[in-house]
Amino acid sequence: MNNTQLENELTAQLDHFDPDLRRFALVSLCQMADAGKIQTNQQQVISNLHCHSFFSYNGYGYSPTRLAWLGRKSGIRFMGVVDFDVLDAVDEFLDACEIAGVRGTAGIETRVFIPEFSDVEINSPGEPGVAYHMGTGFTTSRESGDAQTAMRNLRERASERNQDMLARINQFLAPLAVDYTADVLPLTPAGNATERHIVQVLAEKAERTLPDPAAFWAEKLKMEQNKIAQVMQDTNRLHDLLRTKLMKLGSVGYVQPTPDSFPTVEELHAAVEACGALPCVAWLDGTSPGEQRMQELLELLVDRGVRAINIVPDRNWNISNPDDKKVKLDNLYQIVEIAQYLDLPVLVGTEMNKFGQKIVDDFDAPELQPLKSAFIKGAYTIYGHTQLARYWNIGYQSAWADAHFKQRKDRNDFFEKAGKIIPPGEKVAGEDLLQFSPQEVLTYLEKHE
């Protein structure tokens, strides 16, 4: 077997459901790269801090370990895993990033209810008061106490919503039926399925079991059969159509959420902070009624504990329609300006929860040049927090940080500096830094890293 064949075989193993096999494959690939047997891109100061893994849904089927290798192979300095409703990926991903020599961070995404905005759509289409929201800077999947209870509740609520929705869809699509346990959960390594998993199973089962899938979908979705047949030539288009027609607002599977459908901002923030992580706003594109009041919304959420903001830049500038592009690009510049005014680290990524999404943003695009320094500062800041929290218990939300920093700007500057000093790589137990001043911590890191 030549090096290319071995690389391909090991790369495929990175997405195996056996974590030991994933780790073995990563170590082997890194050894080959170190020996010059695999060509990797020179590392650039760019980041993708919003990558979903197969613990929720990745459009390419990538595991947390595969994402770390993607960073090494592609020359991406910062990688961040973000999964819906679970922290299952955190330990694996951070360990894999240390092995791969990539600066890693980890987060969670879910939906919350914001009573003060209950009459307007924010960033969850058709759902007034409901917002996609995040936590970032987690250091372990092993929660305990109140945090464990809260995180388990997120997982259980998501599972209940999925199963209730699937029951309505099955009734509508009879004789086609999907079994959540037997058909959907086997697609996931840890039992956390998403709408996208269900759509995948629906499409595949229809193709496999029905005599004429196009005729079936045409009848059920009230569409012309020739149009359905065209859509079915593109898996992404078919999946998007099924989600829209079966799961989204106005569809048979959809139920309008109530304030009790999702945790409140305060509940999520309490859970995130109990893990030593940072509550984080998820921003869409500034066009909804709620996001048009973004400064008001951000100030409200900052008062509730938000410490960072996440953006997916590609959907705000890489747009073919020039009028739409101007509006969304102006909104992007405005939200970064507001975030900087509020001293919120700006974290960016591409999501990768749909096939075809970029593996990293185009940081050299002219449209992103005015924002690049803010994106890089945010990446160094959250990485610095992750390392100091993981190995020395002095993260961004720690009592140590609270005692030494009264202004967010000073806190951000310190963790950015730490992030620039600390290289990726497994750490050994070192000196207790709790008694050190911020400058003493930086001096210690410069000497020992």
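Preceding block: the structure.
Residues numbered from 1 in each chain as written. Predicted model: local features only at pLDDT ≥ 70, side-chain atom pairs only at ≥ 80, totals over all residues. Heavy atoms only, no water.

Draft legend 1. Region of interest: the environment of Val45. For Val45, the location among the structural elements is in strand E1 (residues 44-51). The exposure class assigned to Val45 is partly exposed, which follows from its relative accessible area of 31%. Residues Val45 and Ala379, spaced 334 residues apart in sequence, show a C-alpha to C-alpha distance of 9.5 Å. When near neighbours in sequence (up to four residues on either side) are disregarded, Val45 contacts Arg77, Phe78, Lys372, Ile376 and Tyr380. (Helix = DSSP H or I, 4+ residues; strand = E, 2+ residues; numbered from the N terminus. Buried < 20%, exposed > 50% of the residue type's maximum accessible area, 1.4 Å probe, protein only. Contact = heavy atoms within 4.5 Å.)

Draft legend 2. Here's a closer look at helix H4 (residues 90-100). With nine of 11 residues buried, H4 is to be regarded as a mostly interior element. The set of residues buried in H4 consists of Val90, Asp91, Glu92, Phe93, Leu94, Ala96, Cys97, Glu98 and Ala100. Note on H4: the residue one or two positions beyond its end, Gly101, has a positive phi of about 75°.

Draft legend 3. Spatial organisation of the packing of helix H1 (residues 3-13) against helix H2 (residues 19-34). Running from N to C, H1 and H2 cross one another at 150°; their axes reach a closest spacing of 8 Å. Taken as a pair, H1 and H2 cross one another with a handedness that is left-handed. Of the residues in H2, those in contact with Asn3, Leu6, Glu7, Leu10, Thr11 and Gln13 of H1 are Leu21, Arg22, Phe24, Ala25, Ser28, Leu29 and Met32. (Axes fitted to C-alpha atoms, helices over the stretch in contact; angles between N-to-C directions. Left-handed = near helix turned anticlockwise from the far one by under 90°.)

Draft legend 4. Quick look at the nonpolar core. Core analysis: the biggest nonpolar cluster contains 108 residues, and Ile114, Ile309 and Leu388 have the highest contact counts within it. Here this core takes nine residues from helix H15 (residues 372-392), the largest share from any one element. Ignoring anything within four residues of it in the chain, the contact list for Leu388 reads Asn393, Ile394, Gly395, Phe414, Phe415, Ala418, Ile422, Val441 and Leu445. Within the second largest apolar cluster, 29 residues are counted, among which are Tyr180, Ile198, Val201 and Leu221. (Core = buried A, V, L, I, M, F, W, Y, C linked by side-chain atoms within 4.5 Å.)

Draft legend 5. Looking closely at the sheet that holds E1. A sheet is described by the order of its strands in space; here seven strands give the open sequence E1-E2-E3-E4-E5-E6-E7, paired in mixed fashion. The open sheet has two edge strands, E1 and strand E7 (346-348), and neither has a second partner. Shown here is a sheet whose adjacent strand axes are inclined to one another by a mean of 30°, direction ignored. Taken strand by strand, helix H14 (residues 322-341) contacts strand E5 (278-283), strand E6 (308-311) and E7, and its axis lies near 165° from that of E6. (Pairing = 2+ DSSP bridges.)

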